Amino acid sequence: MGTPRGVAILCFAFFSFWSSANALLSPKGVNFEVQALMGIKDSLEDPHGVLDNWDGDAVDPCSWTMVTCSSENLVIGLGTPSQSLSGTLSPSIGNLTNLQIVLLQNNNITGPIPSEIGKLPKLQTLDLSNNFFSGEIPPSLGHLRSLQYLRLNNNSFVDEIPESLANMTQLAFLDLSFNNISGPVPRILAKSFSIVGNPLVCATGKEPNCHGMTLMPMSMNLNNTVGRPKTHKMAIAFGLSLGCLCLIVLGFGLVLWWRHKHNQQAFFDVKDRHHEEVYLGNLKRFQFRELQIATNNFSSKNILGKGGFGHVYKGVLPDGTLVAVKRLKDGNAIGGEIQFQTEVEMISLAVHRNLLRLYGFCITPSERLLVYPYMSNGSVASRLKGKPVLDWGTRKHIALGAARGLLYLHEQCDPKIIHRDVKAANILLDDYCEAVVGDFGLAKLLDHQDSHVTTAVRGTVGHIAPEYLSTGQSSEKTDVFGFGILLLELITGQRALEFGKSANQKGAILDWVKKIHQEKKLELLVDKDLKSNYDRIELEEMVQVALLCTQYLPSHRPKMSEVVRMLEGDGLAERWEASQRVDTTKCKPHESCSSDRYSDLTDDSLLLVQAMELSGPR
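Caption draft 1: View of the overall build of the chain. Secondary structure summary: the chain contains 16 helices and 30 strands in total. Looking at the chain alone, contacts between residues at least 24 apart form 57% of all its contacts between residues at least 6 apart. As displayed, the chain offers around 31,300 Å² of accessible surface, 56% of which is attributable to carbon and sulfur atoms.

Have a look at this one:
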């Protein structure tokens, strides 16, 4: 009887270990951390919808906003500061047993702190300040033996400070100020603490034990200083001298900071035609160590995407801000340096709601990194393949947002900017599925008086305009062509090199789309996941805009300002009628037919590669 029981105990222990390491699933297959977070969401009022992508049917919550996971996909951080959240804090927070950081400050949360929060053995930082929490401070907080930073100030807590809280020797910082705490104040052992602003114990703030910075440990012999007045005076003199020296250094540092702030020092030169420097005084320069910590040492679990020049990682800054960190593959490589300079230059010049903005950068002798806001809904390419299905209205909204971003680059920037790699993978989506044009690695500046720029061909097969592929000449009309292909990707839900193959088309994809349009069989194009949930008239209009944008001759394509107007329902009928009067399929004696040219772009040899990137100097 003993042996089977021992085996059973070992099996149970193994199962318990395995379960905790893998975020336990319930018998119904529900992740317990998902359940706990959904309990927190359900008890909160969320006026701005910051928790909208918290989905109770998710396998794990690691892609949710305001949630940070470890490399083992365990929830270790919950940060929703300054989001106008109200309601109460659910006791289910006690089930997130791997939590290390909780940041809920500057909200409007009411009710008591649930005692279950004392069940978080790994919790190191808890900030609930500037809310409307009430009731007594739960004694169970004293069970948090890993807690080092605790802020409960500016709430409405009452009654005495629990003795268990006062005896937490590991606490480095404790702030209980501006509440309604009463009763005797126990000797608080935190290295730094404050309880001012509690009228029943600190009416003036000058009472002893109301605040302190360096309390003497209880075990220290208080008599050690008696009988040593000279040593004591020398220590005071030394401390004053050191303090004066620190003030001088601090003053000198403030002067240097002020001069740096006003001079906007450049951190590298971009060798353009005018030999100008790029000034980035409005961007934060991150330390490499900061970004290492934010991305869990660039864990493979945090990879959001991969490109020709490196990987993009999800990260969380100390204040809870989610970011995307783009790390170049080889910071010393010539191509990587050019890519880095280009993206920083372009994004610092272009600021628009439909363009990816830049938080900051990091540059070391061996590393080049860019820090962007985290786009919770990923890229259009990934969302077209994901669930839930992007509805027709959202796809139209994405098309219009991307068009407005390109319009800004082409016609409202000076010098204008050509993106040169417009595709679904480079259009990102924020929390509200607003389109944001990103990845400026191949972009080029172009003076408004110039018609084009000539370079070696770069970009993604299936999106490259014919004139760029054959001559190396790119202009804003090159981007218009790429945008037309993007519209077809939104309509079909497939990548440019895929959507022709579904009908056994070998090459001539654009001619195939035109043929389907002429035969009025556009339902063959529509993403099967949409079923019949789309507007037939709007589909016809979007296909017409796509065909106008992808005309063979650049001069026949509309400007992005015209594209925006047509997507908004203004001028499409006239432009389409005018295009039909020009027979673009007839060839001049010295030219190949446009159909042949299109076939060259998408023949079988190119269909063997999925989104191949062409290399060459910029």
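There's plenty left to go through after this.
Caption draft 2: Geometry of the sheet that holds strand 10 (residues 156-159). If you trace the four strands from one edge of the open sheet to the other, you get 6-8-10-12, paired in parallel fashion. A strand with exactly one partner marks an edge of an open sheet, and here the two such strands are strand 6 (110-111) and strand 12 (180-181).

Caption draft 3: Expanded view of unusual backbone geometry. The peptide bond linking Lys387 to Pro388 adopts the cis configuration, its omega dihedral lying at -5 degrees. Position of Pro388 among the secondary structure elements: in the loop between helix 7 (380-385) and helix 8 (392-412). The phi torsion at Asn106 lies on the positive side, around 60 degrees, for a residue other than glycine. You can see Asn106 is positioned in the loop between strand 5 (101-103) and strand 6.

Caption draft 4: Up close: the pairing of strand 3 (residues 75-79). With four of its five residues buried, strand 3 lies for the most part within the structure. Of the strand pairs in this sheet, strand 2 (residues 67-69) and strand 3 are connected by three bridges, and their pairing is antiparallel. The partner of Thr68 across the bridge, within strand 3, is Gly77. Adjacent in sequence and paired antiparallel, strand 2 and strand 3 are bridged by five residues, among which Asn73 carries a positive phi angle near 65 degrees. Pairing between strand 3 and strand 5: three bridges, direction parallel. Looking at the pairing, Leu78 lines up with Val102 of strand 5.

Caption draft 5: Structural view of the state of the cysteines. All told, the structure shown has one disulfide when counted by the stated rule. Here Cys62 pairs with Cys69 through a disulfide, and the sulfurs are 2.2 Å apart. On the S-S bond that ties Cys62 to Cys69, the torsion sits near -95 degrees, and the link is left-handed. Note on accessibility: Cys62 and Cys69 belong to one class, buried.

Caption draft 6: Structural view of the packing of helix 10 (residues 476-492) against helix 12 (residues 536-549). Where helix 10 contacts helix 12, the two axes come as close as 7 Å, and the packing angle between them is 150 degrees. Taken together, the axes of helix 10 and helix 12 lie roughly antiparallel to each other. Two packed elements cross with a definite hand, and for helix 10 against helix 12 that hand is left-handed. Together, Val480, Phe481, Phe483, Gly484, Leu487, Leu488 and Ile491 of helix 10 and Leu539, Met542, Val543, Val545, Ala546 and Cys549 of helix 12 make up the contact between the two elements. A breakdown of the residues in the contact of helix 10 with helix 12 according to their chemical character gives twelve nonpolar, one polar and no charged.

Caption draft 7: Spotlight on helix 14 (residues 572-580). Among the residues of helix 14, those classed as buried are Leu572, Trp576 and Ser579. Relative to the axis of helix 14, the buried residues are bounded by an arc of 60 degrees and lie together on one face. Residues of helix 14 that are exposed and angled more than 90 degrees away from the buried face: Ala573 and Glu574.

Caption draft 8: Structural detail: helix 8. Compared with the 30 Å implied by 1.5 Å per residue over 21 residues, the 29 Å span of helix 8 between its first and last C-alpha is a close match. Within helix 8, 15 of the 21 residues are buried, which leaves it mostly tucked inside the rest of the structure. Two or three places before Gly393, at the start of helix 8, stands the capping residue Asp391, its side-chain oxygen 3.0 Å from that residue's backbone nitrogen.

Caption draft 9: Broad picture of the pairing of strand 19 (residues 310-316). Extensive coverage of strand 19 is indicated by the burial of five of its seven residues. Linking strand 19 back to strand 20 (residues 322-328) in an antiparallel pair, the connection comprises five residues, with Gly320 at a positive phi of about 95 degrees.

Caption draft 10: Quick peek at the packing of aromatic side chains. If you walk through the whole model with that rule in mind, you get six aromatic pairs. Consider the rings of Phe133 and Phe157, whose centres lie 6.4 Å apart with planes at 5 degrees: the pair is stacked. Of the two residues, Phe133 is situated in strand 8 (residues 132-136) and Phe157 in strand 10; the sequence distance between them amounts to 24 residues. What makes Phe133 buried here is its relative accessible area of 0%. Plain terms: the ring middles of Tyr149 and Phe173 are 5.1 Å apart, the flat faces sit at 15 degrees to each other, and that makes the pair stacked. One end of the pair, Tyr149, is in strand 9 (residues 149-151); the other, Phe173, is in strand 11 (residues 173-175), and 24 residues separate them in sequence. Directly above the aromatic system of Phe298 lies the positively charged group of Arg327, at a separation of 4.1 Å from the ring centroid.

Caption draft 11: Broad picture of the environment of Gln494. Within the fold, Gln494 resides in the loop between helix 10 and helix 11 (509-518). Using a relative accessible area of 23% as the deciding quantity, one classes Gln494 as partly exposed. Taking the C-alpha atoms as reference, Gln494 lies 9.8 Å from Val526; in sequence the two are 32 residues apart.

Caption draft 12: Molecular detail of the pattern of salt bridges. Scanning all chains against the criterion turns up twelve salt bridges. Residue Lys387 pairs with Asp529 through a salt bridge whose shortest N-O separation is 3.8 Å. Separated by 142 residues along the polypeptide, Lys387 in the loop between helix 7 and helix 8 and Asp529 in the loop between helix 11 and helix 12 bring together distant segments of the chain. Residue Lys387 is classed as exposed on the basis of its relative accessible area, which comes to 63%.

Rules behind the numbers
- Residues numbered from 1 in each chain as written.
- Predicted model: local features only at pLDDT ≥ 70, side-chain atom pairs only at ≥ 80, totals over all residues.
- Heavy atoms only, no water.
- Helix = DSSP H or I, 4+ residues; strand = E, 2+ residues; numbered from the N terminus.
- Contact = heavy atoms within 4.5 Å.
- Areas by Shrake-Rupley, 256 points an atom, 1.4 Å probe, with all protein chains shown as cover.
- Pairing = 2+ DSSP bridges.
- Buried < 20%, exposed > 50% of the residue type's maximum accessible area, 1.4 Å probe, protein only.
- Disulfide = S-S within 2.5 Å.
- Axes fitted to C-alpha atoms, helices over the stretch in contact; angles between N-to-C directions.
- Parallel < 35°, antiparallel > 145°, perpendicular 65-115°, else oblique.
- Left-handed = near helix turned anticlockwise from the far one by under 90°.
- Nonpolar A, V, L, I, M, F, W, Y, C, P; charged D, E, K, R; others polar.
- Arc of directions from axis to C-beta.
- Expected span 1.5 Å × (residues − 1).
- Polar contact = N/O pair within 3.5 Å; in protein donor to acceptor, adjacent residues only side chain to side chain.
- Phe/Tyr/Trp six-rings, centres within 6.5 Å; stacked < 30°, edge-to-face > 60°.
- Lys NZ or Arg CZ within 6 Å of the ring centre and 35° of its normal.
- Salt bridge = Lys/Arg side-chain N within 4 Å of Asp/Glu carboxyl O.

Nothing here speaks to function; it is all geometry.
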